[in-house]
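Here are the chains, one letter per residue:
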Amino acid sequence: MYQTLKPSKSEENLLKLQEEFNKDKAAKKIKVAATVVSGYEKSERMEVESPGESAEEIPERLGDAFTDIPKNFKVGPIIERTSFKVPRSGCNFKFSQATGFPIAKRRDTTLSTGEGSIFRQQMNKLKEMKCADNDQKKRNIEINQPGSSKVINKVDKKQIDQENMDLMSQMTEEEILAEREKLMSTLDPAILAFMKSKRFHRKETVETRQPSIAKQNKPVEGLSFEDLQSAMEILDQPESDKWLNFDVLETNKLAWIQNVDVPKITKDSLYEARFDFNGWLLPFTNDGMTESNRSLYHHGEEPGRPGYTLQELFQLSRSNVNQQKIVALNTIANILVLQSSGIYDEVIEIPIEQIFFVLRFSLDDNTPAILNASIKAMRSLIYHPIDETCLDNLWSFGLGLIQPILAIDNEEKLDDKTVNDQQLVETNLIKCLTRTDIVIRIRYILITVKPCLETVSYLMEILTRLARDSNFVMMQVYECHGLLQSVITNFAPDITNLKNLTNSYGQPLTQALKFLRVLSAGSRKIAIQLIDKYKILDSIMSYLSNESISANVNGMKLQIEAFRLWSSLARYGLTLDRFKDFQHVLYKLLDYHLKNSDHTSSYTVQAHVSSLLILISEVAKHDFDATKVYYQLLLDLGVTKWLTQFTTMQQFTCGKLQIVSSFLVAMTNFVMSNKPSSVDMSVDVLINFAEKMMDSHGFNLVTKDIQSASNVLNNYETHKCGANFKYTEAAVWNCSDHVVPVFKPNSCIPFIRVFSDFVESTKNKKLMIKFLSNDNVLLYLRQVKQANKYYLTGNWYTRVESGLLLSILKMAIEVQNSIDTGFFYALAMKTLSIYHEDQKPDVEYVLKHAIFSPEFYPPDVFLARMDIEDAEDPSKETLKSALDNINDIFNVYMNVLGLKKLKVNPLWQSVDVNMENALPIDWIYSPIIILYSNQQEEQNTITKDDQVFIITNCLRWVYIYETYFPSLAIMIDTTDRFCRLACTFLGSDSLFLIPDVKNLLELCLKSVLKIGDQLNFERNIHGLCNFQDFFTQLLEQYLGVSYGDALFGNFVLIPLAQKHNVKYRKTVWSEYAGIVQVFNLTEKDIVLSIESFLEPEETDMSLLRCYAQALRTHNIRTHSVFYKIAKHHVQKFHARRNMLNESTFEMENKNIVQ
């Protein structure tokens, strides 16, 4: 035994001990304690004989598991089975028997970096040596056969392959071929062809994946090394030539860092749009690359231009690199957000249809980051934040309970799939989206993927937009199994018993409540299910009663949305009993706001107050007793605080008027409930405060510039929706605040609207007169009356302003004896075309009590009526008869205009944005136009007597209108009025022959032609695609049924005046020459002067030939005005001819015969 040397021993002692050890080892006096033995060598397999039974006999004895184990059974020693080979990973190291360690591999020093890295060359060399050894082992097999299997790809591939090769090495060539033929004859030819094709197409070569540096440099051979400034800065450093692998120049890599060449563009040339990562459109070039825009340069088709084209973004969105996908999708989302604001209107057309399919494909990726970016982009495509914000803001003024239906076709029932996806997306984007099972995909994401809260909020906004679409799409969302339950359980839960709200799932989400509100607004049935089946009211009450939620801004927004959802349910008359049970919480909230909130509070706090007041107001409509305690508190504290504060305002914005506006909404319902005596304050107190408000500095400050916030007076172009997608069009880029005027920060239209509703509800004439005579209000009304054209009349948000005008007109009707009715009558007539479908009841009221009410007519009209009482003029008699039948006229228009048929149920909370305005701008001609349309479509089911009654009363009203209100009549273009009167002849074959109809029609025509010089048949005529076609119809009808009627002849003759296009005269004198033969209208019968048809002289040679032909053949009546017209122009032509050279005349006009 050798002892361990002590620390005190020196190196000499260590050497001496080593020498003794070597001597003993040489003399074999040392017994080795252990040796390294490979357990995987076949030659060293242990074979130990057992004194008892052999190992092979043991399984036979234990074959039956139920037999008893022998007690004296002798088991042999346990031995290691090493007959199988253990697979080894990595390289097969060879161990040295001398040292016990593997032999280190050495790099071949003869290799250089000429063709790939040294490591790659070394590994290739080892593979070649190994392949050579394998070829040597298989040299006895000379036939054309695969060296290894090309099909099996499992772990045991090598083992099976080796067994096959061993078996084949023991067979002769004839045996191998025989077995091969036998095997091939048993296989399916198709499978055999597939196996062969797989073998020959799987060629894996190193050179294909990694070409040599010389090949990589070939595309950039013309690159000058001196031009690479960035590379020169690196290689100019000392001893750079000695750096590893820097002895070979790789220009293909250096080309990526060469300087950017800024391209030039010629004027008016087109180029492809490029965007930065924030979605902003970039100019063609920048001054140069900077740190801020360096990331926008890339090696695409235009490396000198920064940014990415849409096609490049589409390609990146399908990349295998997740980060590239995310960047592309986020950029597309930013582009869509800016596009929805209208910034790219008339600049670039964004291909929405292409983007739709790209985003829908990306939505099928479950990677959280990619899924979030995809959903964000899809949300930016179909959900417009500006529109949604404006819709939400309407709630704070009590004007947002009616929600828009944003459907292309709200009458659709199902998807018949008669068109493919590409065709459908061009006509209805949302319907195409639902066809791709987007609702099911959203349900899967919410239930299975469970993304982050940001992604969930985007999904809720997508569902909100789907719920705003047609009833067909909305019901798909509602009926999707498990979707609504998942939304309510996870994002609108009852938090009464929850202690931890940190987890995103199980935490109430504002967007989820908004989705449920929009969904319930579409159907009362859904609202009932939300209450009874999903217990949504329990969730709402848990949010409102939790004080910790209202401690921050996000919590207050959640409570605001909870109030709005409850208001939507209460509008149906639901949840009234629960409102009473929740009195202690709501009363406490109202008391807190009365003491702590005012017009200086933040927008969120004011929205919180207004949402509570709107809820109280909606409940009061159905059960005033349930809200009596709240109204008592409001009248005790709210009137003296909030209304008084309004009178002393020094500055304002639209958002700062939320509290006072919602308070006025609540007071309006209080007054209209007819139960003011149930509280300790009379309506007179409110009226007195309203008078003080109108006299105050605050009211003057708020209303001093009403016209700047008017939709109908400001010519702003909104961001228009396409034919395949609808929205409310709130965005206006070409104005300072990028939103419709009614929602500008300095807009007072919403406040004035609710204030006028309150004044009108009081029925106090003194208060109404005070409001109507207010200087700021009168200035606005004068501008509305004097406007030549109204704008944005079909915009969803214009209904706020149209409601204001209706309230003003209803007040004017109430106090008509104390105001200038002429002013308000003109205002009523001019604004009738801006009112919407859901305002039809108010429109009917205005028509009955103002438009068709002689008592409301202006004083000059009243005096004119006195003059016709004793007049003997036939026209005066006709006018007197028309005025005497004013009630019949009113009833005709009520039925024809459909004002009795309200398409919108007052209890509904959603209205289709596609609904046209209640009345067209030319509504006074509607009976004639409808009769004409029915005749053209062969759907005229009206009896002859009814036709006479309708047209007679329509013409009576037109005559009254043209006579008494000429300044209003000219609002409709003269040409449009002429064409609409002409439709009378096309609506019936004999109606114009009835004396009363004929007399009225002639009087109306003469009234229209008082300014006949304004007739222009070449302009776009409202309702007509082409006047030429309309005139042709008129000519055919004249030939067929006119019987030479003089009035009908005048309508045919008027477009033939010399001032109008010659094509109309040529049509009559050539294609419809038969009219010339039967036309018997004399000069005294025409309504225009004869000079209109004689001057200026005709110069068209083809028409002059027609004139001459008709005169020569006597196919024209000598007493008709046509004879005089033709003779005049031919004589004038002869006069000009005599002044010309005879030879010139013969050459140019040889076909003219006198």
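What you are looking at is a predicted structure, and each value in this text was computed from that prediction instead of being measured. (Residues numbered from 1 in each chain as written. Predicted model: local features only at pLDDT ≥ 70, side-chain atom pairs only at ≥ 80, totals over all residues. Heavy atoms only, no water.)

**Quick word on the overall build of the protein chain**
And then number 1: In terms of helices and strands, the protein chain carries 54 helices and 2 strands.
And then number 2: Burial statistics for the protein chain: of 1154 residues in total, 47% are counted as buried. (Helix = DSSP H or I, 4+ residues; strand = E, 2+ residues; numbered from the N terminus. Buried < 20%, exposed > 50% of the residue type's maximum accessible area, 1.4 Å probe, protein only.)

**Some thoughts on the packing of aromatic side chains**
And then number 1: For the coordinates displayed, the defined rule picks out 50 aromatic pairs.
And then number 2: Considering the side-chain rings of Tyr587 and Tyr630, the 6.5 Å spacing of their centres and the 45° angle between planes classify their relative orientation as tilted. One end of the pair, Tyr587, is in helix 27 (residues 583–596); the other, Tyr630, is in helix 29 (residues 628–647), with 43 residues separating them in the sequence.
And then number 3: Geometrically, the ring pair formed by Phe699 and Phe751 is edge-to-face, given 6.5 Å between the ring centres and 65° between the ring planes. With Phe699 in helix 32 (residues 697–703) and Phe751 in helix 33 (residues 749–762), this pair connects stretches of sequence that are 52 residues apart.
And then number 4: The class of Phe699 is buried, set by a relative accessible area of 1%.
And then number 5: Lying over the aromatic face of Tyr603, Lys656 brings its terminal NZ or CZ to 5.0 Å of the ring centre.
And then number 6: The ring of Phe689 has Lys692 lying over it, and the distance from NZ or CZ to the ring centre is 5.2 Å. (Phe/Tyr/Trp six-rings, centres within 6.5 Å; stacked < 30°, edge-to-face > 60°. Lys NZ or Arg CZ within 6 Å of the ring centre and 35° of its normal.)

**Notes on a negative patch on the surface**
And then number 1: Taken together, Glu173, Glu174, Glu175 and Glu179 make up a surface patch of like negative charges.
And then number 2: Its location among the elements puts Glu179 in helix 5 (residues 173–186).
And then number 3: In this structure Glu179 comes out as partly exposed when scored by relative accessible area, which is 45%. (Patch = residues over 30% accessible without salt bridge, like charges linked within 9 Å, V, L, I, M, F, W, Y side chains within 5 Å. Areas by Shrake-Rupley, 256 points an atom, 1.4 Å probe, with all protein chains shown as cover. Salt bridge = Lys/Arg side-chain N within 4 Å of Asp/Glu carboxyl O. Lys, Arg positive; Asp, Glu negative; His and termini not counted. Charge placed at Lys NZ, Arg CZ, Asp CG, Glu CD.)

**Side note on unusual backbone geometry**
Most peptide bonds take the trans form, and the phi angle of most residues other than glycine is negative.
And then number 1: Geometrically, the link from Glu1095 to Pro1096 is a cis peptide bond, its omega value of -5° lying close to zero.
And then number 2: Its place among the elements puts Pro1096 in the loop between helix 51 (1091–1094) and helix 52 (1101–1113).
And then number 3: Within the chain, His1114 stands out as a residue other than glycine whose phi angle is a positive 60°.
And then number 4: Tracing the sequence through the fold places His1114 in the loop between helix 52 and helix 53 (1121–1138).
And then number 5: What makes His1114 exposed here is its relative accessible area of 66%.

**Thoughts on the nonpolar core**
And then number 1: By size, the foremost hydrophobic cluster in this structure holds 307 residues, and its most contacted members are Phe751, Phe771, Leu847, Ile851, Trp923, Trp957 and Phe1122.
And then number 2: What Leu847 contacts, discounting residues up to four positions off in sequence, is Leu832, Phe852, Ser853, Phe890, Met894, Leu899, Leu919 and Trp923. (Core = buried A, V, L, I, M, F, W, Y, C linked by side-chain atoms within 4.5 Å. Contact = heavy atoms within 4.5 Å.)

**Brief notes about the environment of Cys979**
And then number 1: Its place among the elements puts Cys979 in helix 45 (residues 974–987).
And then number 2: Classification of Cys979 by relative accessible area gives buried; the value is 1%.
And then number 3: In the structure, Cys979 is positioned 43 residues away from His1022 in sequence and 9.5 Å away in space, judged by C-alpha atoms.
And then number 4: Dropping the residues within four chain positions of it, Cys979 is found in contact with Ile1021, Leu1024, Phe1027 and Phe1030.

**Details of the environment of Leu613**
And then number 1: By secondary structure assignment, the location of Leu613 is in helix 28 (residues 603–622).
And then number 2: Sequence separation between Leu613 and Ser661 is 48 residues; the distance between their C-alpha atoms is 9.9 Å.
And then number 3: Not counting residues up to four positions away in its chain, the partners in contact with Leu613 are Leu590, Leu634, Trp642, Ile659, Ser662, Phe663 and Ala666.

**A look at the confidence of the model for the protein chain**
And then number 1: The share of residues in the protein chain with pLDDT of 70 or more is 82%, and the mean pLDDT across the chain is 83.
And then number 2: A low-confidence stretch, residues 38–69 stays under pLDDT 50, and its non-local contacts, those more than four residues away or across chains, total 17 contacts.
And then number 3: Below pLDDT 50 for its whole length, residues 203–208 participates in 3 contacts with residues either more than four positions away or in separate chains. (pLDDT = per-residue confidence, 0-100.)

**Details of helix 46 (residues 995–1008)**
And then number 1: End to end, helix 46 covers 20 Å across 14 residues, agreeing with the expected 20 Å (1.5 Å per residue, within 8%).
And then number 2: As for helix 46, its buried residues are in contact with helix 40 (874–884), helix 43 (944–964), helix 45 and helix 48 (1046–1053). (Expected span 1.5 Å × (residues − 1).)

**Comments concerning the pattern of salt bridges**
And then number 1: Across all of its chains, the model carries 38 salt bridges by this definition.
And then number 2: For Arg517, the salt bridge goes to Glu561, with nearest N and O atoms at 2.5 Å. Of the two residues, Arg517 sits in helix 22 (residues 510–522) while Glu561 sits in helix 25 (residues 553–571), which places them 44 residues apart along the sequence. The residues Arg517 and Glu561 share a single accessibility class, namely buried.
And then number 3: Of the charged contacts, one joins Lys763 and Glu760 as a salt bridge, the two residues approaching to 2.9 Å between their closest N and O atoms.
And then number 4: Residue classification places Lys763 among the partly exposed residues on the basis of a relative accessible area of 45%.
And then number 5: The class for Glu760 is buried, based on a relative accessible area of 12%.
And then number 6: One salt-bridge network, in which partners are shared between bridges, spans Glu388, Asp392, Arg468, Lys514, Arg517, Glu561 and Arg564.

**Details of a nonpolar patch on the surface**
And then number 1: A contiguous nonpolar patch, built from Leu183, Leu187, Ile191, Phe194 and Met195 and spanning about 440 Å² of accessible area, is present on the exposed surface.
And then number 2: For the nonpolar patch, the leading source of residues is helix 6 (residues 189–201), giving 3 residues.
And then number 3: Relative to the helices and strands, Met195 is located in helix 6.

**Brief notes about the state of the cysteines**
And then number 1: Within the structure shown, the criterion is met by 0 disulfides.
And then number 2: Among the cysteines around Cys390, which has no disulfide bond, Cys654 carries the closest sulfur, lying 9.8 Å off. (Disulfide = S-S within 2.5 Å.)

**Thoughts on the packing of helix 12 (residues 322–340) against helix 13 (residues 352–362)**
And then number 1: One can describe the packing of helix 12 onto helix 13 by two numbers: an axis separation of 12 Å at closest approach and a directional angle of 140°. Considered as vectors, helix 12 and helix 13 are oriented oblique to each other. The way helix 12 lies across helix 13 gives a crossing that is left-handed. Of the residues in helix 13, those in contact with Leu329, Ile332, Leu336 and Gln339 of helix 12 are Ile352, Ile355, Leu359 and Ser362.
And then number 2: Its residues placed into classes, the contact of helix 12 with helix 13 shows 6 nonpolar, 2 polar and no charged. (Axes fitted to C-alpha atoms, helices over the stretch in contact; angles between N-to-C directions. Parallel < 35°, antiparallel > 145°, perpendicular 65-115°, else oblique. Left-handed = near helix turned anticlockwise from the far one by under 90°. Nonpolar A, V, L, I, M, F, W, Y, C, P; charged D, E, K, R; others polar.)

**Looking at the side chain of Ser1120**
And then number 1: By the secondary structure assignment, Ser1120 is in the loop between helix 52 and helix 53.
And then number 2: Residue Ser1120 is classed as buried on the basis of its relative accessible area, which comes to 2%.
And then number 3: In this structure, Ser1120 is in contact with Phe1079, Asn1080 and Leu1081, ignoring residues within four places of it in sequence.

**Describing the packing of helix 42 (residues 926–936) against helix 45**
And then number 1: Contact geometry of helix 42 with helix 45 gives a least axis separation of 8 Å together with a crossing angle of 40°. One way to sum up the angle between helix 42 and helix 45 is to call them oblique. Here the hand of the crossing between helix 42 and helix 45 comes out left-handed. Along the contact surface, helix 42 presents Ile928, Ile929, Leu931, Tyr932, Gln935 and Gln936, while helix 45 presents Arg980, Cys983, Thr984, Leu986 and Gly987.
And then number 2: Of the residues contributing to the contact of helix 42 with helix 45, the split by class is 6 nonpolar, 4 polar and 1 charged.

**Describing the side chain of Thr984**
And then number 1: Among the structural elements, Thr984 can be located in helix 45.
And then number 2: In this structure the side chain of Thr984 is engaged in a polar contact, spanning 2.9 Å, whose partner is the backbone oxygen of Leu981.
And then number 3: Beyond its immediate stretch of four places on either side in the chain, Thr984 contacts Ile928, Ile951 and Leu1001. (Polar contact = N/O pair within 3.5 Å; in protein donor to acceptor, adjacent residues only side chain to side chain.)

**Observations concerning the environment of Ala882**
And then number 1: Inspection of the secondary structure puts Ala882 in helix 40.
And then number 2: When the C-alpha atoms of Ala882 and Leu955 are compared, they prove to be 8.9 Å apart, with 73 residues separating the residues in sequence.
And then number 3: For Ala882, the residues in contact, after removing those within four places along its chain, are Ile889, Arg956 and Ile960.

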